[in-house]
Amino acid sequence: MSKSIICGVHAVESALRNDTENLGQIWLDKRSRNDRLKKLEKMAEESGMRILLTEADKLDKLAGNNRHQGIVAEYYKLKAWTENDFYDMLDGMSEPPFLLVLDGVTDPHNLGACLRTAEGAGVHAVIAPKDNAASITPTVRKVASGAAEIIPFIPVTNLARTLETLKSRGIWLTGTSDKAKQTLYQADLKGPMALVMGAEGAGIRRLTEEACDYLISIPMAGQVSSLNVSVATGVCLYEALRQRKMS
């Protein structure tokens, strides 16, 4: 089990609530004792965690930056989800799967934002290629504000093969593309489905696009041609959530 560092109020709070067995010692800024930090200190004490009060410059060194919000913690490696784990999870589900596929998102801030939005929208798992794509890092965890500790993140060796497996299990693939003939708001996003989002700028790759059952686009009323991938993901996921709540 490898050790890493997480920082920021949301990331540490999520770990304290959901995964204390993987937390090590916690460092708090002894000069910035606001209510949020006091709350986390109390939670840590109740969980039997070791708390160290320290100077801000040490926190900067531990975190690798000064955006730690006054709290840094040792965190051991998250559960490493395999494809087999993921398929076992699907087999045990009692509701239609709702999945997010990220085809080559490389920016850790975008990945973190996508994970946060996916967890908020009720997505059951996020799938991404192992290669040429962002993985879970301290930056991703911080941006995800705790979602990285909750939602299963499935790195796969061969995305095209994984998509075919999903289709064989009755999961419909809906990809986003400027070639689409229907918009997001014309699409049926209910039932077992996976939303497929492409990389920053390039969009989904040709083979990925060809694997999709449907292609949709987000209508644009302004002069820019596209949205940031994390924003586009949020728009699409919450339209899917709206439809699924109404069905």
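Residues numbered from 1 in each chain as written. Predicted model: local features only at pLDDT ≥ 70, side-chain atom pairs only at ≥ 80, totals over all residues. Heavy atoms only, no water.

**Side note on the side chain of His124**
Turning to step 1, where the next piece is worked out: Looking at the element boundaries, His124 is found in the loop between helix 5 (108-121) and strand 6 (125-129).
Turning to step 2, where the next piece is worked out: Of the residues examined, His124 reaches a relative accessible area of 17% and is grouped as buried. (Helix = DSSP H or I, 4+ residues; strand = E, 2+ residues; numbered from the N terminus. Buried < 20%, exposed > 50% of the residue type's maximum accessible area, 1.4 Å probe, protein only.)

**Some thoughts on the pattern of salt bridges**
Turning to step 1, where the next piece is worked out: Inspection of every chain in the model, using the stated rule, returns 12 salt bridges.
Turning to step 2, where the next piece is worked out: Glu55 is paired through a salt bridge with Arg31; the nearest N and O atoms lie 3.4 Å apart. One end of the pair, Glu55, is in the loop between strand 3 (51-54) and helix 3 (56-63); the other, Arg31, is in the loop between strand 2 (23-29) and helix 2 (35-46), with 24 residues separating them in the sequence.
Turning to step 3, where the next piece is worked out: Take Glu55: its relative accessible area is 26%, and that puts it in the partly exposed class.
Turning to step 4, where the next piece is worked out: Across the pair Lys167 and Asp213 runs a salt bridge, and its minimum N-O distance is 3.9 Å. In this pair, Lys167 is assigned in helix 7 (residues 159-168) and Asp213 in the loop between helix 8 (206-211) and strand 11 (214-217), connecting sequence segments 46 residues apart.
Turning to step 5, where the next piece is worked out: Given a relative accessible area of 28%, Lys167 falls into the partly exposed group. (Salt bridge = Lys/Arg side-chain N within 4 Å of Asp/Glu carboxyl O.)

**Quick notes on the UniProt feature "binding site: S-adenosyl-L-methionine" (unreviewed entry) in the chain**
Turning to step 1, where the next piece is worked out: Here the UniProt feature "binding site: S-adenosyl-L-methionine" (unreviewed entry) sits at Gly198, Ile218 and Leu227. These annotated residues cover 30 residues of sequence, and their C-alpha atoms lie no more than 13.2 Å from one another, placing them together at a single site.
Turning to step 2, where the next piece is worked out: As for its placement among the helices and strands, Gly198 is situated in strand 10 (residues 193-198).
Turning to step 3, where the next piece is worked out: When near neighbours in sequence (up to four residues on either side) are disregarded, Gly198 contacts Asp103, Val105, Thr176, Gly203, Ile204 and Val229.
Turning to step 4, where the next piece is worked out: As for its placement among the helices and strands, Leu227 is situated in the loop between strand 11 and helix 9 (229-246).
Turning to step 5, where the next piece is worked out: Setting aside anything within four residues of it in sequence, one finds Leu227 in contact with Ile218, Met220, Ala232 and Val235. (UniProt positions renumbered as here; feature names shortened; annotations may be inferred. Contact = heavy atoms within 4.5 Å.)

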